[in-house]
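# Structural overview
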Amino acid sequence: MIRASSIPLINRALTTQERIAIIDRRGVHSYGDVINQSIEIAQHLLRDTADLAEARVAFMTSPGIDYVAAQWGIWLAGGIAVPLCLSHPLLEIEYVINNAGIKFIVAHPEFEEKLSPLIEAYNLILIHSNPEDNIPEVPLPEIEVNRNAMILFTSGTTCKPKGVVTTHKNISAQITSLVKSWEIVEDDRILHALPLHHIHGIINALYCPLWAGARCEMMTRFNADAIWERFVKSDLTLFMAVPTIYVKLIASWERAGRVEKETMSSACSKMRLMISGSAALPVNILEKWKSICGHTLLERYGMTEIGMALSNPLHGERKPGYVGTPLPGVELQLVDDNGEIITEEMKEGEIQVKGDNVFQEYWDNAQSTRDAFHRGWFRTGDIAVIKNGFYRILGRSSIDIIKSAGYKISALEIEEVLRSHPEIDECAVVGINDEKWGERICAAIVTRDNCVLTLDNLRQWARERIAKYKIPSRLKIVPHLPQNVMAKVTKPEVKKLF
Ligand code: AMP
């Protein structure tokens, strides 16, 4: 056992060892249990060396103590943790193994068969996430907070995934900003239902509660009905999800009977805080959720490279369609196309971010790293406007800002309007190159209950709601929209539909 650690998150856990940290399919685990299992993994990783010295170690486990112990074990041994996505096909996992130059892999035996072709092909050293054999103890290396700690691969909605490298200091800054802003305390109990290879599931929903000494109950896989069953027990205080999860929870609530609905709503209303992020929260979903359980979802904005940057307030008005104000410790500026800082309200510009929360570099990709920063500011590529101090996201400059007929048009704004059409269930708007218009506005639409929607009808309906130049001129009805594992629409795939 260790008494103190220079890794801030682990050092916090050492002060709450008796408390319950994680509840998973295997049972109930204290902070002490997590630390003991982490140390065992670290010992196995250090069999042939005194310090992994930033060697990249991939890991694959189910959500639960094994996940945290694997990641902390890698950190204690001096390595960089690279979480693998459980649902990715082998080719995508291979991309990560290859790109990050992985030498070791920590995995639960249940994934050994899936991973074995890669273990063989890349000569990886495999360590089990719950090692059974005892080996002689070796001292753990000293870890500096500026040491690289994690590589997360971007979700690749607009280009090939890039490895985002963060240090222990970056991770601590990302966590403490949220713990402070959302007042996460040791009495909190969160239900965790997010993927664990992405910033949202790792930093926000797992490590913020663990930083505070709170309890994290981890679902093995996402299931809307099972989430409601858990909500009904009425002992949770926190929940965080992407908009699609709220959509699925609403559908599940709607399937329930009258009495059941009342029980579900009443239990859910007792929670302290419910948060949405990682993609724009449609206003109709925010309103529906409020009507179900009284919660105005707190929407926040962030990305893999910076953790979270903007959040609606815990106390005070949460503005639908807005992502709030800068989080503690995060500096933001909006910059126009000429590189000038925008000071006026409602003028659109790119969000640029500075602070200890910002990542170090893209792994093995010096050019992308150089391109991503300007005078020390990270260029998010997201376009926003500010109104009364609150930021509103208009979308990613590369794909959601459509240049048509001399206008710059936000695809997100059009999508928000289209979603209020009674026959539209889901939609994605993209710009397609066009000689006459620059780009043409094209909408891919999933209709409700097989409704028949024509372009003429849609355009007529839209005329009363948005400016003429924003109305889609091409329409494609699809059975579903292309999505990645974070349930985010992949717009390059949408473009291919046209
Ligand atoms: P990721 O790195 O996968 O978390 O994706 C980050 C991107 O998701 C950001 O750059 C934004 O484009 C988008 N995003 C995250 N949160 C929001 C939000 N609340 N509203 C709109 N877009 C968001």
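Residues numbered from 1 in each chain as written. Predicted model: local features only at pLDDT ≥ 70, side-chain atom pairs only at ≥ 80, totals over all residues. Heavy atoms only, no water.

## Section: the site of the ligand
Around the ligand, 16 residues are found, and the nearest of them are Glu 299, Arg 300, Thr 304, Asp 382 and Lys 488. Contacts to the ligand include Lys 488, whose side-chain N or O atom sits 2.7 Å from an oxygen atom. Look at the ligand: alone it shows 490 Å² of surface, and the protein chains cover 91% of it. The element that contributes the greatest number of residues to the shell around the ligand is strand 13 (residues 298-303), accounting for five residues. Class assignment for the residues of the shell around the ligand results in six nonpolar, five polar and five charged. (Near = heavy atom within 4 Å. Polar contact = N/O pair within 3.5 Å; in protein donor to acceptor, adjacent residues only side chain to side chain. Areas by Shrake-Rupley, 256 points an atom, 1.4 Å probe, with all protein chains shown as cover. Helix = DSSP H or I, 4+ residues; strand = E, 2+ residues; numbered from the N terminus. Nonpolar A, V, L, I, M, F, W, Y, C, P; charged D, E, K, R; others polar.)

## A few points about empty space enclosed by the protein
Considering all chains together, one arrives at two cavities of 30 Å³ or more under this definition. Taken as a whole, the largest cavity spans an internal volume of roughly 50 Å³. Every residue along the wall of the largest cavity is listed here: Asp 24, Arg 25, Arg 26, Ser 62, Pro 63, Gly 64, Ile 65 and Asp 66. By volume, the second largest cavity amounts to about 30 Å³. (1 Å grid on protein atoms, 1.4 Å probe; cavity = no way out; pocket = protein on both sides within 12 Å on 5 of 7 lines; lining within 4 Å. Points joined across faces, edges and corners; volume = space filled by probe spheres on them.)

## Details of the environment of Lys 468
Turning to its location among the elements, Lys 468 is positioned in the loop between helix 14 (455-463) and strand 26 (474-477). For the pair Lys 468 and Val 106, spaced 362 residues apart in the sequence, the C-alpha separation amounts to 55 Å.

## A look at helix 13 (residues 411-418)
Among the eight residues that make up helix 13, six are buried, leaving the element largely enclosed by the rest of the structure. Buried within helix 13 we find Ala 411, Leu 412, Ile 414, Glu 415, Val 417 and Leu 418. Regarding helix 13, its N-cap is Ser 410, as a side-chain oxygen of that residue lies 3.3 Å from the backbone nitrogen of Leu 412 further along. (Buried < 20%, exposed > 50% of the residue type's maximum accessible area, 1.4 Å probe, protein only.)

## Concerning the sheet that holds strand 13
The strand order across the open sheet formed by nine strands is 2-1-10-9-11-12-13-14-15, and the pairing between neighbours is mixed. Looking at the sheet topology across the chains shown, the edges are occupied by strand 2 (27-30) and strand 15 (325-326). Pairing of strand 9 (residues 189-192) with strand 10 (residues 215-218) involves four bridges; the strand directions are parallel. In the strand pairing of strand 10, Arg 189 is matched with Arg 215. Strands in contact with helix 9 (residues 243-255) are strand 11 (238-241) and strand 12 (273-276); relative to strand 11, the strand with the most contacts, it is inclined by about 110 degrees. (Pairing = 2+ DSSP bridges. Contact = heavy atoms within 4.5 Å. Axes fitted to C-alpha atoms, helices over the stretch in contact; angles between N-to-C directions.)

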